[in-house]
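Close look at the chain arrangement
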Amino acid sequence: MSDQKKEMNTETVVHRNGTEGSKPFLWSVRRELWENKSIYIAPVIVAAVILLGALISAGHLPERRRTAMLLDGARRRAAIELPYDIVAMMLIITAFIVGLFYCLDALYGERRERSILFWKSLPVSDRTAVLAKLSIPLFVLPPIIFAIILVTQFGMLLISTAVLLPSGLAATSWTSFNLLQQSVILLYSLIVILLWHAPIYGWALLVSGVARRATFLWAVMPFIAISIFEKITFNTTYFFSMLKHRLLGAGETAFDFQLHRWISIDSLAQLTPGRFLATPGLWIGLLFAAAFVIAAIRLRRYRGPL
């Protein structure tokens, strides 16, 4: 009997024994969370450091706020929103780093520790195991980061309110930074980022199943080598520009920065989901992500421990 038929039979047996079809997947996701506590601990630590920094620097806040109030409306709003935008950006970058290194170790760690022999003995298919690992950076980490960012920004609002209350400027934080509207913008931003970065996580997962050591080097060195080869041979940087666009170009079509003079998102009118979904680069990236994940599933089926 082929491995594929065995995989289907094990899932059928689990279902017939009274276990719901989604149970193996859900328990696989839970296992990943139990074994990789850094998924939520690292962002919480970063958020705690940010709040500590905001508390320490709060003594200079009244002076900075008086200076901001002398500016025109758009500049004043941008100046007040800037710390909150920086907080969101720092935590989103933290989530990307955590998700990337998680994927690089997801399959490699099983083979290195030889625990793959135990997990393969369970009635859980390779497809379910790999998809459960992929769901961590794509579907589990974004809600965690969303909640942490909102709590951190709300904490900063409370700190600014307490510090600015004696000077009568406490209300300026709440009127300039609309937490409800910014939460909608943040949720949309996280969805855009996870869709745009899906091929990056898929590639990291594939490298995790191939590499015998130094997964990070194996993940980045091929792209560095191709970029150097193109530069030396043709004196062009098209490949590097493509990589840069994949890493940082999500906002070019997902947002309309031309509605305001400042490079910031402070209005729901700046969200352009239709234009983003119509971007060929999005769907090409998702196709590559699917190909990488399919290859990772087949690799896990046939690769043994290190």
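Please read all numbers here as calculations on a predicted model, not as lab measurements. (Residues numbered from 1 in each chain as written. Predicted model: local features only at pLDDT ≥ 70, side-chain atom pairs only at ≥ 80, totals over all residues. Heavy atoms only, no water.)

A turn of α-helix holds 3.6 residues, and therefore any two residues three or four places apart point the same way. Those residues of helix α4 (residues 61-69) that fall on the buried side of the exposure criterion are Leu61, Pro62, Arg65 and Ala68. Considered in projection along α4, the buried side chains sweep an arc of 120° and stay on one side of the axis. Check the buried side of α4 and you find it contacts α5 (73-113), α7 (126-164) and α8 (170-176). (Buried < 20%, exposed > 50% of the residue type's maximum accessible area, 1.4 Å probe, protein only. Helix = DSSP H or I, 4+ residues; strand = E, 2+ residues; numbered from the N terminus. Arc of directions from axis to C-beta. Contact = heavy atoms within 4.5 Å.)

Counting residues in each nonpolar core, the largest one holds 49 residues, and the members touching the most others are Leu91, Val130, Ile149 and Leu205. Counting residues per element, the ones that place at least two in this core are α3 (38-56), α5, α7, α9 (179-196), α10 (198-210) and α15 (280-302). By residue number, the principal contributor to this core is α5, which donates 14 residues. Beyond its immediate chain neighbours, meaning those up to four positions away, Leu91 contacts Pro43, Val46, Ala47, Ile50, Ile145, Ile148, Ile149 and Thr152. Counting residues in each nonpolar core, the second largest holds 11 residues, with Ile185, Trp196, Phe255 and Leu282 among its members. (Core = buried A, V, L, I, M, F, W, Y, C linked by side-chain atoms within 4.5 Å.)

For the rest of this paragraph, the subject is the side chain of Glu81. Examined against the element boundaries, Glu81 turns out to sit in helix α5. In this structure Glu81 is buried but unpaired, with Arg77 as the nearest side chain of opposite charge at 4.4 Å. Residues in contact with Glu81, not counting those within four places in the same chain, are Ser176, Phe177, Gln182 and Asp266. (Lys, Arg positive; Asp, Glu negative; His and termini not counted. Salt bridge = Lys/Arg side-chain N within 4 Å of Asp/Glu carboxyl O.)

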